[in-house]
Amino acid sequence: MITRAEYILRFSKALDRFLSSVGEAAAWLNVALIVVIITQVVLRYVFSKGLVRLEELQWHLYAVCIMIGLSYCATRDTHIRLDLLYHRFSQRKKEIIDLLGTVFLLMPMVIIVLMHSWPFVTESFRLMEASDSVVGLPYRWIVKSFLLTGFGLLGLAGVSRLIRAVAFLIMGSR
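Description of the structure in this document. Model, not experiment: these values are computed from the prediction.

What follows is about the environment of Phe 18. Considering the arrangement of structural elements, one finds Phe 18 in helix α1 (residues 4-27). Judged by its relative accessible area of 41%, Phe 18 falls in the partly exposed class. Sequence separation between Phe 18 and Ala 5 is 13 residues; the distance between their C-alpha atoms is 20 Å. Setting aside residues no more than four positions away along its own chain, Phe 18 makes contact with Leu 153 and Leu 156.

What follows is the structure, given as structure tokens:
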């Protein structure tokens with residue numbers, strides 16, 4: 001018989017699988033980014049003709065990859081942290097640190113960014129915001145919406161991490 005705790009851990013693992021698959025799919029945008037960069041470099045330095053749209057597309061692709069990559073890194077535990085002492089700690093102490101870091105640092109930051117970016121994104125969408133350049137990209141509101149998407153996914157990664165930390169601390173290392 002499956003316990004409630006095991007159902008919750010399954011939910012955490014399902015969240016992690018979802019976030020990993022979104023991150024892996026978004027990683028393919030880096031291929032498009034490389035093609036755009038190479039094209040822009042060739043146009044600029046070989047033909048002396050750069051395109052504003054390609055320049056802006058580079059930044060948009062960077063932004064999307066970073067926003068999606070945040071949750072992927074949090075799910076895979078490949079994010080940057082000060083590991084000077086962390087790697088020497090017992091698993092229990094690591095879980096406590098991760099729990100406290102998630103509750104007091106990650107989740108408040110996610111909530112604050114989501115609260116402040118929501119009006120920013122909705123206003124951009126309402127105005128159908130486009131590039132300031134006449135020859136730029138027409139749909140800037142799309143890339144701005146990735147603030148909500150990226151930090152929403154990061155919040156889900158934080159929830160999953162909290163579930164795993166609490167489960168470890170309550171149930172042990174099962």
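A word on helix α3 (residues 52-76). Compared with the 36 Å implied by 1.5 Å per residue over 25 residues, the 36 Å span of α3 between its first and last C-alpha is a close match. Of the residues making up α3, those classed as buried are Leu 54, Glu 56, Gln 58, His 60, Leu 61, Val 64, Cys 65, Met 67, Ile 68, Ser 71, Ala 74 and Thr 75. Those residues of α3 that are buried lie in contact with α1, α2 (29-45) and α5 (140-171). A positive phi of about 55° marks Asp 77, the residue just after α3.

Residue position: Gln 58 is located in helix α3. Setting aside residues up to four positions removed in sequence, Gln 58 forms contacts with Leu 33, Val 36, Ile 37 and Gln 40.

Rules used throughout
- Residues numbered from 1 in each chain as written.
- Predicted model: local features only at pLDDT ≥ 70, side-chain atom pairs only at ≥ 80, totals over all residues.
- Heavy atoms only, no water.
- Helix = DSSP H or I, 4+ residues; strand = E, 2+ residues; numbered from the N terminus.
- Buried < 20%, exposed > 50% of the residue type's maximum accessible area, 1.4 Å probe, protein only.
- Contact = heavy atoms within 4.5 Å.
- Expected span 1.5 Å × (residues − 1).

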